[in-house]
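Coordinate inspection notes
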Amino acid sequence: MREGKPVGVITRGTTGINRLRRSDRWLVHSPDVTRMLRDAPAPLVVDLGYGAMPVTTLEMAARLRTVRPDIRVVGLEIDPARVVEGRDGVTFARGGFELAGLRPTLIRAFNVLRQYPEDAVDDAWGRLRSRLAPGGLIVDGTCDELGRRCAWVLLDRDGPRSLTLAWDPFDVDRPSDIAERLPKALIHRNIAGERIHDLLVTADRAWATAAGLAPFGPRIRWRETLRLLSDLGVPLTPQRRRIRDCVLTVPWSYVAPSR
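These notes cover the structure that comes with them. What you are looking at is a predicted structure, and each value in this text was computed from that prediction instead of being measured.

To continue, consider helix α1 (residues 21-29). Counted residue by residue, α1 has eight buried out of nine residues, so it is predominantly covered. Of the positions making up α1, those classed as buried are R21, R22, S23, D24, R25, W26, L27 and V28.

Structural data, given as structure tokens:
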């Protein structure tokens, strides 16, 4: 890896065991992600900004190896005090948005841009996209301290492709509760006239309509909510299996900021 001054600023570094489990589960079942990893000749995954402990990087590596056992994983931290010795086949090094000169197949950057101003997002995305290997993908996301409420954007070399919202079915009263954990590109756009606001309002209404299924649990109610949303014309990405989380994925164009 190339030596040099990392690009970016030191963030709080908050992390915790299993905090990113929902995004990990999504990664190993996303057809686009798994196809890309399986087709790559030598897949390299970079976990950018893993925080004060490397636990979520190690967890991601173990989960992604169920898709591709020979995957190489590197955790990067801009704070040199957080760089630890490699373990379990994972390497750790100092780096920022320049990715220490690496060209990854997959980049995960969780809870990094949340601590930056909104106008820094495009430049950060541009830097990461320019470092991708051919066909590579980026996951830029945000979650709460326990990982019960998460949201992330999937990007490729051309730009953002989709938005995913995921949460513990027993942790929210309505879908719009996830708004506080929207990625930096959208968190200030949850206002009237913006597409993400319209989506959350529509999801809340569908959730309310499905209230009759509440006695059967929030997962059953959420499946009905997804059906209602689909009937309303929301372009949901189909789920190929039943999952424990409440998950909603839409094309980026459906929620992109209007200005």
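Okay, the pairing of strand β2 (residues 72-77) next. The buried fraction of β2 is high, at five of six residues. Sheet topology places strand β1 (residues 44-48) next to β2; five bridges connect them, and they run parallel. Among the inter-strand pairings, D47 is bridged to a residue of β2, identified as G75. For the handedness criterion, the β-α-β arrangement of β1, helix α3 (residues 55-64) and β2 is classed as right-handed. Both β2 and strand β3 (residues 90-94) contribute to a ladder of five bridges, which runs parallel. Residue pairing across strands places V74 opposite T91, the latter belonging to β3.

On to the pattern of salt bridges, then. This model, assessed by the stated rule, comprises 22 salt bridges. R227 is paired through a salt bridge with E224; the nearest N and O atoms lie 2.7 Å apart. In this pair, R227 and E224 are both assigned in helix α7 (residues 218-231), three residues apart and thus about one turn of the helix distant. Judged by its relative accessible area of 41%, R227 is partly exposed.

The strand order across the open sheet built from eight strands is β3-β2-β1-β4-β5-β6-β7-β8, with neighbouring strands paired in mixed fashion. Only two strands of the sheet have a single neighbouring strand rather than two, namely β3 and β8 (246-251). The mean angle between the axes of side-by-side strands here comes to 20 degrees, regardless of whether they run parallel or antiparallel. For strand β4 (residues 106-110) and strand β5 (residues 137-143), the ladder comprises five bridges, and the chain directions are parallel.

For the coordinates displayed, the defined rule picks out zero disulfides. Here C150 is not cross-linked by a disulfide; its sulfur's nearest cysteine counterpart is in C143, at 4.8 Å. Here C246 is not cross-linked by a disulfide; its sulfur's nearest cysteine counterpart is in C150, at 12 Å. Residue C246 is classed as buried on the basis of its relative accessible area, which comes to 2%.

This paragraph deals with the packing of helix α6 (residues 195-209) against α7. Packed helix pairs are specified by the crossing angle of their axes together with the interaxial distance, meaning the distance between the axes. Viewed as axis vectors pointing N to C, α6 and α7 meet at an angle of 120 degrees, and their least axial separation amounts to 8 Å. Here α7 runs oblique to α6, going by the angle between their axes. Of the two elements, α6 crosses α7, and the hand of that crossing is right-handed. Side by side, α6 and α7 meet where T202, A203, A206, W207, A208 and T209 of the first sit next to P218, R221, W222, T225, L228 and L229 of the second. Looking at the contact of α6 with α7 residue by residue, the classes come out as eight nonpolar, three polar and one charged.

On to the nonpolar core, then. Ranked by size, the top nonpolar core spans 52 residues in total, and within it L163 and W252 carry the most contacts. Tallying contributions element by element places α6 first for this core, with six residues. Beyond its immediate chain neighbours, meaning those up to four positions away, L163 contacts W152, V153, P183, L186, I196, L248, T249, V250, W252 and V255. L20, M36, L58 and V67 belong to the second largest nonpolar core, which has 28 residues in total.

Counting across every chain of the model gives seven aromatic pairs. Plain terms: the ring middles of Y50 and F92 are 5.2 Å apart, the flat faces sit at 70 degrees to each other, and that makes the pair edge-to-face. Highlighted residues: Y50 in the loop between β1 and α3 and F92 in strand β3, separated in sequence by 42 residues. Neither residue differs from the other here; Y50 and F92 are each classed as buried. Summarising the aromatic geometry, the rings of F97 and Y116 are spaced 5.6 Å apart at their centres and angled 70 degrees between planes, so their arrangement reads as edge-to-face. On the criterion of sequence distance, the pair formed by F97 in the loop between β3 and β4 and Y116 in the loop between β4 and α4 (121-131) is long-range, its members being 19 residues apart. You'll find F97 and Y116 in the same group, each marked buried. In this structure an aromatic cluster arises from ring pairing among W26, F110 and W152. One residue, R221, lies across the ring of W207, its end atom 4.0 Å from the ring centre.

The rules behind each value
- Residues numbered from 1 in each chain as written.
- Predicted model: local features only at pLDDT ≥ 70, side-chain atom pairs only at ≥ 80, totals over all residues.
- Heavy atoms only, no water.
- Buried < 20%, exposed > 50% of the residue type's maximum accessible area, 1.4 Å probe, protein only.
- Helix = DSSP H or I, 4+ residues; strand = E, 2+ residues; numbered from the N terminus.
- Pairing = 2+ DSSP bridges.
- Right-handed = clockwise from strand over helix to strand, strands pointing away.
- Salt bridge = Lys/Arg side-chain N within 4 Å of Asp/Glu carboxyl O.
- Axes fitted to C-alpha atoms, helices over the stretch in contact; angles between N-to-C directions.
- Disulfide = S-S within 2.5 Å.
- Parallel < 35°, antiparallel > 145°, perpendicular 65-115°, else oblique.
- Left-handed = near helix turned anticlockwise from the far one by under 90°.
- Contact = heavy atoms within 4.5 Å.
- Nonpolar A, V, L, I, M, F, W, Y, C, P; charged D, E, K, R; others polar.
- Core = buried A, V, L, I, M, F, W, Y, C linked by side-chain atoms within 4.5 Å.
- Phe/Tyr/Trp six-rings, centres within 6.5 Å; stacked < 30°, edge-to-face > 60°.
- Lys NZ or Arg CZ within 6 Å of the ring centre and 35° of its normal.

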